[in-house]
Amino acid sequence: MWRHDLELRERADRALRADAVPHRWQRLARGRIVLHQVHELRAVRLAALDGGDDRALGELLGSTPVVVNFFASWCVPCIDEMPAFEAVHRSLGDRVTFVGMANRDTAEQALGTVEATGVTYPTYDDPDASALTYFGGLGMPTTVFIDASGEVVDVHSGPLTEAELRGRLDDLFGMAA
């Protein structure tokens, strides 16, 4: 276990003993265990790229699984995988909510990347990487899989092909894509 993981585990154990706020244990990629407090997950900020109103991730939780894909204009693997995410998004329709999160990009760069890759699902900004950090992303791209009840069921750092994404959705949500 990494030192950071041990510190998180110790902090989580103290919170559990103190019977603090509502919480759920999440087993994430690479066997890491992280304590996600339900109200914190719902409060993850989705900053509008187009100058519109910001949203909270909680607004998208509750009816379908959510796939959050962190991308950047400077990340070649991100750009390479975005058309695959769009293809899966189109084939699943409203059975899964897809969200793109631009990481450390200007709005202009992020919107240019979205346009160039043909992405039509909603995209937002994570200018200071606080959302990526919250989910424990280790690199770019990072994809977060959240079930319909709002539980983070997997975090994948690294690119996914269309076949790999379809396989994850089937494994995690029983959803043949």
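Refer to the structure presented above.
Here is a short report on the structure shown in this document. (Residues numbered from 1 in each chain as written. Predicted model: local features only at pLDDT ≥ 70, side-chain atom pairs only at ≥ 80, totals over all residues. Heavy atoms only, no water.)

Below, the discussion takes up the side chain of Asn 69. Turning to its location among the elements, Asn 69 is positioned in strand β5 (residues 66-71). By relative accessible area, Asn 69 is classed as buried at 1%. A distance of 2.9 Å separates a polar atom in the side chain of Asn 69 from a polar atom in the side chain of Thr 143. Residues in contact with Asn 69, not counting those within four places in the same chain, are Glu 81, Met 82, Phe 85, Val 99, Gly 100, Met 101, Tyr 121, Thr 142 and Thr 143. (Helix = DSSP H or I, 4+ residues; strand = E, 2+ residues; numbered from the N terminus. Buried < 20%, exposed > 50% of the residue type's maximum accessible area, 1.4 Å probe, protein only. Polar contact = N/O pair within 3.5 Å; in protein donor to acceptor, adjacent residues only side chain to side chain. Contact = heavy atoms within 4.5 Å.)

If you look at the biggest cluster of nonpolar residues, it comprises 43 residues, and the most contacted ones within it are Val 68, Phe 70, Phe 98, Ile 146 and Leu 169. In contact with Phe 70, other than residues within four places in its own chain, are Cys 78, Met 101, Asp 126, Ala 131, Leu 132, Phe 135, Met 140, Pro 141, Thr 142 and Val 144. (Core = buried A, V, L, I, M, F, W, Y, C linked by side-chain atoms within 4.5 Å.)

This part covers the packing of helix α3 (residues 76-92) against helix α6 (residues 162-173). Following both chains from N to C, one finds α3 and α6 inclined at 45 degrees, their axes separated by 9 Å at the closest point. What the angle tells us is that α3 and α6 run oblique. Both α3 and α6 take part in a crossing whose hand is right-handed. Taking contact as the criterion, the partners of Ala 84, Phe 85, Ala 87, Val 88, Ser 91 and Leu 92 in α3 are, on α6, Glu 162, Leu 165, Arg 166 and Leu 169. Grouping the constituent residues of the contact of α3 with α6 by class yields seven nonpolar, one polar and two charged. (Axes fitted to C-alpha atoms, helices over the stretch in contact; angles between N-to-C directions. Parallel < 35°, antiparallel > 145°, perpendicular 65-115°, else oblique. Left-handed = near helix turned anticlockwise from the far one by under 90°. Nonpolar A, V, L, I, M, F, W, Y, C, P; charged D, E, K, R; others polar.)

Quick look at the packing of α3 against helix α4 (residues 107-117) now. Two numbers describe how α3 lies on α4: the axes approach to 9 Å, and their chain directions differ by 50 degrees. Between α3 and α4, the angle falls in the class oblique. The crossing of α3 and α4 is right-handed. Side by side, α3 and α4 meet where Ile 79, Met 82 and Pro 83 of the first sit next to Thr 113, Val 114 and Thr 117 of the second.

To continue, consider the state of the cysteines. Overall, the coordinates contain one disulfide when judged by the stated rule. The disulfide bridge from Cys 75 ends at Cys 78, spanning 2.2 Å between sulfur atoms. Classification of the bridge connecting Cys 75 and Cys 78 rests on its S-S torsion, roughly 80 degrees, and on that basis the disulfide is right-handed. For Cys 78, a relative accessible area of 0% corresponds to the buried category. (Disulfide = S-S within 2.5 Å.)

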